[in-house]
Every structure is written in structure tokens, then in C-alpha cells.
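One-letter residues, chain by chain:
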Amino acid sequence: MSKNTCKMIGIITMIISVFLLIGGLYLPQTDISNIVTTSCLIAGVLLLAVGIVFYSILKTD
């Protein structure tokens, strides 16, 4: 993959992770079970880590 493609994938995954983290933190607890909110938070943190790896750490020449 080219350097620009890795950066684009990283930015997209970081944007999706922010929405998952916000959804996991601010969903009302009365309507949705704890499993859904916990899975949103875990998925958000994992996607944030993947986005950081793709954006800054992964260097292709």
C-alpha cells in the first residue's frame, strides 16, 4: 500500500472510532443493555489503535 492510502485508512478508522466511543459513552442505559455499550467502547478503542498504527507508525516506501 502506498503512504497516502495508509494515511487515509488511518484517518477513516479514527473517525469511526470516535463515533463508537461517543456512542458507547452517551447511549442511555435504560434502553440498551450493558453488552452493547461495552462492545461499542471496546470496538472504539481497538479501531483507534488501528487508526494510529495505520496513520503514523506504518511507513511504506
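It should be noted that the structure appears before, not after, this text.
Keep in mind that this is a model prediction, so the values were computed, not measured. (Residues numbered from 1 in each chain as written. Predicted model: local features only at pLDDT ≥ 70, side-chain atom pairs only at ≥ 80, totals over all residues. Heavy atoms only, no water.)

With that settled, the discussion passes to helix α2 (residues 34-57). Taking 1.5 Å of rise per residue, 24 residues should cover 34 Å, and α2 covers 33 Å from first to last C-alpha, within 8% of that figure. Residues of α2 that are buried include every one of T37, C40, G44 and G51, and no others. Next to the buried residues of α2 lie α1 (3-26). (Helix = DSSP H or I, 4+ residues; strand = E, 2+ residues; numbered from the N terminus. Expected span 1.5 Å × (residues − 1). Buried < 20%, exposed > 50% of the residue type's maximum accessible area, 1.4 Å probe, protein only. Contact = heavy atoms within 4.5 Å.)

Counting across every chain of the model gives zero aromatic pairs. Over the aromatic face of Y55 sits the side chain of K7, whose NZ or CZ is 4.8 Å from the ring centroid. (Phe/Tyr/Trp six-rings, centres within 6.5 Å; stacked < 30°, edge-to-face > 60°. Lys NZ or Arg CZ within 6 Å of the ring centre and 35° of its normal.)

All right, on to the side chain of S17 then. Here S17 shows up in helix α1. Exposure remark for S17: the relative accessible area of 0% places this residue in the buried category. At 2.7 Å, the side chain of S17 forms a polar contact with the backbone oxygen of M14. Setting aside its immediate chain neighbours within four residues, S17 contacts G44, L47 and L48. (Polar contact = N/O pair within 3.5 Å; in protein donor to acceptor, adjacent residues only side chain to side chain.)

As a further point, take the side chain of T13. Mapping T13 onto the fold places it in helix α1. Accessibility expressed as a relative area gives 13% for T13, which makes it buried. Within polar-contact distance, the side chain of T13 engages the backbone oxygen of G10 at 3.0 Å. Those residues in contact with T13 that lie beyond four places of it in its chain are L47, V50 and G51.

This paragraph deals with the packing of α1 against α2. A packed helix pair is summarised by two numbers, namely the angle formed by the two axes and the spacing between the axes. Direction vectors running N to C along α1 and α2 enclose 160 degrees, while the axes themselves pass 7 Å from each other. Looking at the two axes, α1 sits roughly antiparallel to α2. Once α1 is placed against α2, the crossing between them reads as left-handed. (Axes fitted to C-alpha atoms, helices over the stretch in contact; angles between N-to-C directions. Parallel < 35°, antiparallel > 145°, perpendicular 65-115°, else oblique. Left-handed = near helix turned anticlockwise from the far one by under 90°.)

Turning our eyes to something else, we now look at a nonpolar patch on the surface. Taken together, the side chains of L48, I52, V53, I57 and L58 make up a nonpolar region of the molecular surface, amounting to roughly 390 Å² of accessible area. Its place among the elements puts L48 in helix α2. (Patch = residues over 30% accessible without salt bridge, like charges linked within 9 Å, V, L, I, M, F, W, Y side chains within 5 Å. Areas by Shrake-Rupley, 256 points an atom, 1.4 Å probe, with all protein chains shown as cover. Salt bridge = Lys/Arg side-chain N within 4 Å of Asp/Glu carboxyl O.)

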